[in-house]
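Architecture at a glance
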Amino acid sequence: MAAGKQVFAIVKKDVLAELRTKEMVIAMLLFVILAMVVFSQAFGVILNDLDRVGGGLLWVAFLFMSMLGLNRSFVHEKDEGCLEGLLMSPIDRPLIFFGKMLGNLLFLSIVELFAVPIFFVLFRLELGASMAGIFLATIFLSNVGIASVGTLLSTISINTKTRDLMLPILFLPVIIPLLIAAVSATGGIMSGEELTEVYRSMRFIAVYDIIFLLVAYALYDYVISE
Amino acid sequence: MEFQEAWPYVVGVYMSIWAVLLIYVVVLQKKLAAVKRELASLSKAVERKG
Amino acid sequence: MKKSSLILASAGALLLMAGVYLAFFVAPDAVVRIDDRELVRYSQKIFYFHVPVAETSFVFLLLGGLFGAMYLGTRKRSYEQMSYAAVEVGFIFVLLVMITGVLWTRADWGVWWEWEPRLTTFLVLTLMYSGYFVLRSSVQEESAKARFGAIFSIIAAVNVPLTFVAGRLDSLKPVHPTVFTLQGASMEGPMLAAFLVSMFGMLLFATSLYIMRLDLLRAREDIEYLKEELEVG
């Protein structure tokens, strides 16, 4: 089988499993909306200045939502012995990483595609059409980093005694650089800052993505094989 | 900050560095000694067994 | 104590004491000029130990990642032990950076904490490497513990410079003083001498700690081996 086909097969498997139950995407979406409600109630007063804090608010919700999804995607694999099945299948080991990573990227992006409009409506924010493009591009770019680091670390954490409790402890400190850049980029877009600043943050996110894609790809084989 | 105000912090820095390093050395040495003792008794046991 | 670690530890301790002497009695006090008045910045004395501690922590965390990669490449047990020992010694120094850093911030800026790139970097580092130890303790099987430890030590080492760069992207402007730039050191004479003596002393002392930790790990492995021997024989 060609590499692309093998990766596609894994993604297809995850999508089909999700389509059958729809439990993950719906739970993730509900989680994001609930997080927004919690924020609005917890920080009611300062939300008048939402242009500046809105970016951070969105990212906190997205990060925690992504951990929810990442854990889910491997609990299935582990509990139902799917990972062993994947390992025994004729798929090249390193390609398993790309398959799982693309699946996670897809689910994250789908949930966020629904969550972003809800966020803008709930917090009465507006964005021009050209800005909306850059905004979504930033989110997608960050998703690549979240999915790469997350896929690697959630595979590790699911194999520990504490399982899903382990993921935030490993994932959050590693994702902090990306969070800083993403908050700075989306915050800059929403408060109408100069685009050069925004592009600088986006460039950093791209560099982070490339570095961790390579690192996670190189290390993934050592996680899954004894 | 002048000497009168700053010295407690300066002294605090030096003391904490030495304290932490010394505690770490002592803990390591204690553990090493215990491990060496266990090692000696174990190797004797292995010898007796042949 | 093994001979090599004893020699290194005493050499390091001697250099560190010489560093204290140089810092307090030879190097001139740092002075700032504010409106024609010269003010002594006595808190600058902290720098002679704080910065060597920070650089030592970087060296050992980086070595931890490097040895981790070598373990994954060769699967030799000794590399894994070297990686673990290096990360642990590095972590001790990270904790020291936090303690001395907070004291320095209080002395120089008047606050205990400031969300500033370098301080944030070290806080994230502290948490990340705490995660390393939590991860190791929550894996039972020895081979998985070694693999996961090595993998995370590499990820963490890669993340250190990224966190540092990211901190500078934001509106959080760096206020932490920079002493060493690409153009060279912005100090000279007795000040530089005091700093370098402390720097080498700290590195030597840390190396002796690393050797002790490694000895401990190897002795433990020998015990496991002998125990198995007893059970089988």
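Look above for the structure.
Basis of the calculations
Residues numbered from 1 in each chain as written. Chains lettered and ligands numbered in written order. Predicted model: local features only at pLDDT ≥ 70, side-chain atom pairs only at ≥ 80, totals over all residues. Heavy atoms only, no water. Helix = DSSP H or I, 4+ residues; strand = E, 2+ residues; numbered from the N terminus. Buried < 20%, exposed > 50% of the residue type's maximum accessible area, 1.4 Å probe, protein only. Contact = heavy atoms within 4.5 Å. Phe/Tyr/Trp six-rings, centres within 6.5 Å; stacked < 30°, edge-to-face > 60°. Lys NZ or Arg CZ within 6 Å of the ring centre and 35° of its normal. Salt bridge = Lys/Arg side-chain N within 4 Å of Asp/Glu carboxyl O. 1 Å grid on protein atoms, 1.4 Å probe; cavity = no way out; pocket = protein on both sides within 12 Å on 5 of 7 lines; lining within 4 Å. Points joined across faces, edges and corners; volume = space filled by probe spheres on them. Nonpolar A, V, L, I, M, F, W, Y, C, P; charged D, E, K, R; others polar. Core = buried A, V, L, I, M, F, W, Y, C linked by side-chain atoms within 4.5 Å. Buried area = accessible area lost by both parts, 1.4 Å probe. Polar contact = N/O pair within 3.5 Å; in protein donor to acceptor, adjacent residues only side chain to side chain. Patch = residues over 30% accessible without salt bridge, like charges linked within 9 Å, V, L, I, M, F, W, Y side chains within 5 Å. Areas by Shrake-Rupley, 256 points an atom, 1.4 Å probe, with all protein chains shown as cover. Lys, Arg positive; Asp, Glu negative; His and termini not counted. Charge placed at Lys NZ, Arg CZ, Asp CG, Glu CD. Axes fitted to C-alpha atoms, helices over the stretch in contact; angles between N-to-C directions. Parallel < 35°, antiparallel > 145°, perpendicular 65-115°, else oblique. Left-handed = near helix turned anticlockwise from the far one by under 90°.

Glancing now at the environment of Gly101(C). All names here are of chain C. Considering the arrangement of structural elements, one finds Gly101 in helix α3 (residues 77–109). Overall, the relative accessible area of 13% leaves Gly101 in the buried class. In sequence terms Gly101 and Leu15 are 86 residues apart; their C-alpha atoms lie 22 Å from each other. Contact partners of Gly101, with chain neighbours within four places excluded, come to His50 and Leu96.

Bringing the packing of aromatic side chains into the picture now. The relation between two aromatic rings is expressed through the spacing of the ring centres and the mutual angle of the planes. One pass over the structure, following the stated rule, counts 22 aromatic pairs over all chains. Between Phe119(A) and Phe120(A), the aromatic rings sit 5.7 Å apart at their centres with planes inclined by 90 degrees, giving edge-to-face as the arrangement. Phe120(A) sits in the buried class, given a relative accessible area of 12%. Arranged with centres 6.3 Å apart and planes meeting at 55 degrees, the rings of Tyr84(C) and Phe133(C) form a pair that is tilted. Placement of the pair is Tyr84(C) in helix α3 and Phe133(C) in helix α4 (residues 117–137), with a sequence separation of 49 residues. Tyr84(C) sits in the buried class, given a relative accessible area of 16%. Chaining the aromatic ring pairs together yields one cluster made of Phe97(A), Phe98(A), Tyr217(A) and Tyr220(A). The side chain of Arg106(C) reaches across the aromatic face of Trp112(C), ending 5.5 Å from its centre. Directly above the aromatic system of Tyr84(C) lies the positively charged group of Arg136(C), at a separation of 3.9 Å from the ring centroid.

As a further point, take the pattern of salt bridges. Pairing between side chains of opposite charge can happen when their charged atoms approach one another. Going through the model one piece at a time under the given rule, you end up with nine salt bridges over all chains. Taking the shortest distance from any N to any O, the salt bridge between Glu197(A) and Arg200(A) comes out at 3.9 Å. Taken as a pair, Glu197(A) and Arg200(A) lie in helix α8 (residues 195–224) at a separation of three residues, close to a single helical turn. Take Glu197(A): its relative accessible area is 37%, and that puts it in the partly exposed class. Under the relative-accessibility criterion, Arg200(A) is labelled partly exposed at 35%. Taking the shortest distance from any N to any O, the salt bridge between Glu80(C) and Arg77(C) comes out at 3.8 Å. Residue Glu80(C) and its partner Arg77(C) are both found in helix α3; the two are separated by three residues, about one turn of the helix. For Glu80(C), a relative accessible area of 5% corresponds to the buried category. Residue Arg77(C) is classed as partly exposed on the basis of its relative accessible area, which comes to 37%. Each of Arg77(C), Glu80(C), Arg136(C), Glu142(C) and Glu221(C) takes part in salt bridges that share partners, so that together they form one network.

All names here are of chain A. Considering all chains together, one arrives at two cavities of 30 Å³ or more under this definition. Of the voids in this model, the largest cavity is the one considered here, and its volume is about 40 Å³. Of all the secondary-structure elements, those providing two or more residues to the lining of the largest cavity are α2 (23–42), α3 (50–79) and α5 (93–122). Each residue belonging to the lining of the largest cavity can be placed in one class, and the counts come to five nonpolar, three polar and no charged. Roughly 30 Å³ of internal volume is contained in the second largest cavity. Of the residues in the lining of the second largest cavity, the class split is seven nonpolar, one polar and no charged.

The next point concerns the nonpolar core. Grouped together as the largest cluster of nonpolar side chains are 163 residues, with contacts concentrated most on Leu153(A), Phe171(A), Tyr48(C), Tyr129(C) and Tyr210(C). Setting aside its immediate chain neighbours within four residues, Leu153(A) contacts Leu167(A), Leu170(A), Phe171(A), Val174(A), Phe152(C) and Ile155(C).

Once that is clear, we can look at the interface of chain C and chain A. In many reports, interface size means the accessible area that the parts give up when they come together. Facing the 29 residues of chain C at the interface are 29 residues of chain A. Taken together, the two surfaces of chain C and chain A that pack against each other cover about 2600 Å², and 75% of this comes from carbon and sulfur. On inspection of chain C and its partner chain A, the count reaches zero salt bridges. Connecting chain C to chain A are six residue pairs in polar contact (both at pLDDT 80 or more). When residues of the side of chain C that touches chain A are traced back to their parent elements, those giving at least two are α2 (47–74), α4 and α5 (142–169) of chain C. The biggest single contributor to the side of chain C that touches chain A is α5(C), with 15 residues. Looking at side-chain class alone, the side of chain C that touches chain A contains 16 nonpolar, nine polar and four charged residues.

Residues and elements named next belong to chain C. Where like charges cluster on the molecular surface, the negative patch consists of Glu224, Glu228, Glu229 and Glu231. By the secondary structure assignment, Glu228 is in helix α6 (residues 189–232). Classification of Glu228 as exposed rests on a relative accessible area of 52%.

Bringing the packing of α5(A) against helix α6 (residues 129–158) of chain A into the picture now. All names here are of chain A. Running from N to C, α5 and α6 point in directions that differ by 140 degrees, and their axes come no closer than 9 Å. Judged on the interaxial angle alone, α6 and α5 are oblique. Both α5 and α6 take part in a crossing whose hand is right-handed. Facing α5, whose interface residues are Phe97, Lys100, Met101, Asn104, Leu105, Leu108, Ser109, Glu112, Val116 and Phe120, α6 presents Phe135, Ile139, Phe140, Asn143, Val144, Ile146, Ala147, Ser148 and Thr151. The class makeup of the residues in the contact of α5 with α6 is 12 nonpolar, five polar and two charged.

Across the two pairs of chains that are in contact, the largest number of contacts falls between chains B and C. At the level of C-alpha atoms, the two units chain A and chain B stay apart, their nearest approach being 25 Å.

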